[in-house]
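Spelled out from the first residue to the last, the chains are:
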Amino acid sequence: MKNHKFYEGKVIWITGASSGIGEELAKVLSQWNTRLILSSRRREELERVKSSLGLKPGNVFVLPLDLNDPGSLEEKANEALKVFGKIDILINNGGISQRSLVMETSVATDRKIMEINYFSGVILTKTLLPSMIARGHGHIVAVSSVTGKFGFPLRSAYAASKHAMYGFYESVLAEYYDKGIRTTMVCPGRIQTNISMGALGPDGQAQNIMDHGQKYGMPVEKCARDIVNGVRKSKQDVYTGGKEVLLVFIKRFFPQLAYVIARKAKRV
Ligand SMILES: NC(=O)c1ccc[n+]([C@@H]2O[C@H](COP(=O)([O-])OP(=O)(O)OC[C@H]3O[C@@H](n4cnc5c(N)ncnc54)[C@H](OP(=O)(O)O)[C@@H]3O)[C@@H](O)[C@H]2O)c1
């Protein structure tokens, strides 16, 4: 990829950096003399990603955290802020999916998915915003989903959490644009990662199944490139994926058709 001056010297905090889209973002962003903070639960996987990057070890910091532990996240964000003295770009990417019908899904699972996919990013964002505003700039990237734009079978909690992200980050942009804050909403379709493996099934546990959609989805390298290019151009919305992304536009222009397609979608 071209040398993006935009990223030179920037401090970027990526959640969900131990695999998939987050790991690939770390790889791409490490090309441009960035300083990275990598977060997720699994320290050993974050260390693996760190050692795979071309950056000097002092320019990559591993900060394990649990997005399902709201009481710890303000402290984690303050810790992240101290590592390099600032955060230029926060990428709220860590998340889990779901494969269970509404009636099979316990409210505890609904809440867990909201906590990890939605509230965690709210806490990190609120903690970092004051320092970003004081410095006159900051960019928050939120990885939502095509199911942040329409409901889909087996994804009730997941779709709800991803819809909620749009409401929150679009409001952040509206309120703080004049203070130099930018947000980019990422709307991936099906991307080749392990997301379906960790998706919570009817028993609230990871289903450990590689879905057809992810197995044959868009390569994660292309998805990360789309995100990095979109952020550099300060795009408010980035769409990345295969033909499933078209459903977002079908919903916008032909909503009745989108509802029928969702109703008839294969239950996977
Ligand atoms: N792949 C797709 O088709 C697709 C489509 C639309 C949207 N997305 C979104 O893309 C984002 C990244 O997912 P991915 O596709 O790259 O899947 P992935 O490979 O499964 O990555 C998920 C990441 O989230 C982290 N994570 C999960 N639960 C966590 C928790 N409680 N605390 C901290 N970190 C946690 C995981 O790390 P640890 O296990 O180490 O904690 C991992 O690094 C997610 O928000 C997902 O919803 C993916």
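See the structure printed just above.
One structure accompanies this document, and this report is about it. (Residues numbered from 1 in each chain as written. Predicted model: local features only at pLDDT ≥ 70, side-chain atom pairs only at ≥ 80, totals over all residues. Heavy atoms only, no water.)

### Points about the pairing of strand 4 (residues 89-92)
Then comes step 1: Residues I89 and I91 line one face of strand 4 and the alternating positions L90 and N92 line the opposite face, and both faces are buried.
Then comes step 2: With three bridges connecting them, strand 1 (residues 11-15) and strand 4 associate as parallel partners. Each residue of the ladder has a partner; that of I12, found in strand 4, is I89.
Then comes step 3: Judged from the four bridges that link them, strand 4 and strand 5 (residues 138-143) form a sheet pairing that is parallel. Looking across to strand 5, one finds that I89 is bridged to H139.
Then comes step 4: In this region the chain leaves strand 4, passes through helix 4 (residues 107-135) and returns to the parallel neighbour strand 5; the handedness of that crossover is right-handed. (Buried < 20%, exposed > 50% of the residue type's maximum accessible area, 1.4 Å probe, protein only. Helix = DSSP H or I, 4+ residues; strand = E, 2+ residues; numbered from the N terminus. Pairing = 2+ DSSP bridges. Right-handed = clockwise from strand over helix to strand, strands pointing away.)

### Let's talk about the sheet that holds strand 1
The strands making up a sheet associate through backbone hydrogen bonding, with each pair oriented either parallel or antiparallel.
Then comes step 1: On the basis of which strands lie adjacent, the open sheet formed by seven strands has the order 3-2-1-4-5-6-7 and parallel pairing. Taken across any chain shown, the strands that pair with only one partner, and hence form the sheet edges, are strand 3 (60-62) and strand 7 (237-240). The average undirected angle you get between the axes of adjacent strands in this sheet is 15°.
Then comes step 2: Sheet analysis places strand 6 (residues 181-188) next to strand 7, joined by four bridges and oriented parallel. Bridge pairing in strand 7 links P188 to T240.
Then comes step 3: Of the strands in this sheet, strand 1, strand 4, strand 5 and strand 6 touch helix 4, which is tilted by about 170° from strand 4.
Then comes step 4: Of the strands in this sheet, strand 4, strand 5, strand 6 and strand 7 are in contact with helix 5 (residues 156-176), which crosses strand 6 at around 160°. (Axes fitted to C-alpha atoms, helices over the stretch in contact; angles between N-to-C directions. Contact = heavy atoms within 4.5 Å.)

### Topic: the packing of helix 1 (residues 20-29) against helix 8 (residues 220-232)
Then comes step 1: Two elements in contact, helix 1 and helix 8, have axes whose closest approach is 9 Å; the angle formed by their N-to-C orientations is 60°. The handedness of the crossing between helix 1 and helix 8 is right-handed. Between helix 1 and helix 8, the contacting residues are G20, I21, E24, L25, V28 and L29 on the first element and V220, E221, C223, A224, I227 and V228 on the second.
Then comes step 2: Residue classes in the contact of helix 1 with helix 8 are distributed as nine nonpolar, one polar and two charged. (Left-handed = near helix turned anticlockwise from the far one by under 90°. Nonpolar A, V, L, I, M, F, W, Y, C, P; charged D, E, K, R; others polar.)

### Quick word on the packing of aromatic side chains
Then comes step 1: The full count for this structure, using the stated rule, is seven aromatic pairs.
Then comes step 2: Ring-pair connections join several aromatic residues into one group, and the members of that group are Y118, F119, F168 and Y169.
Then comes step 3: Note that K149 overlies the ring of Y166, its terminal NZ or CZ placed 4.0 Å from the centroid.
Then comes step 4: Directly above the ring of Y177 sits R182, whose terminal nitrogen or CZ lies 3.5 Å from the centroid. (Phe/Tyr/Trp six-rings, centres within 6.5 Å; stacked < 30°, edge-to-face > 60°. Lys NZ or Arg CZ within 6 Å of the ring centre and 35° of its normal.)

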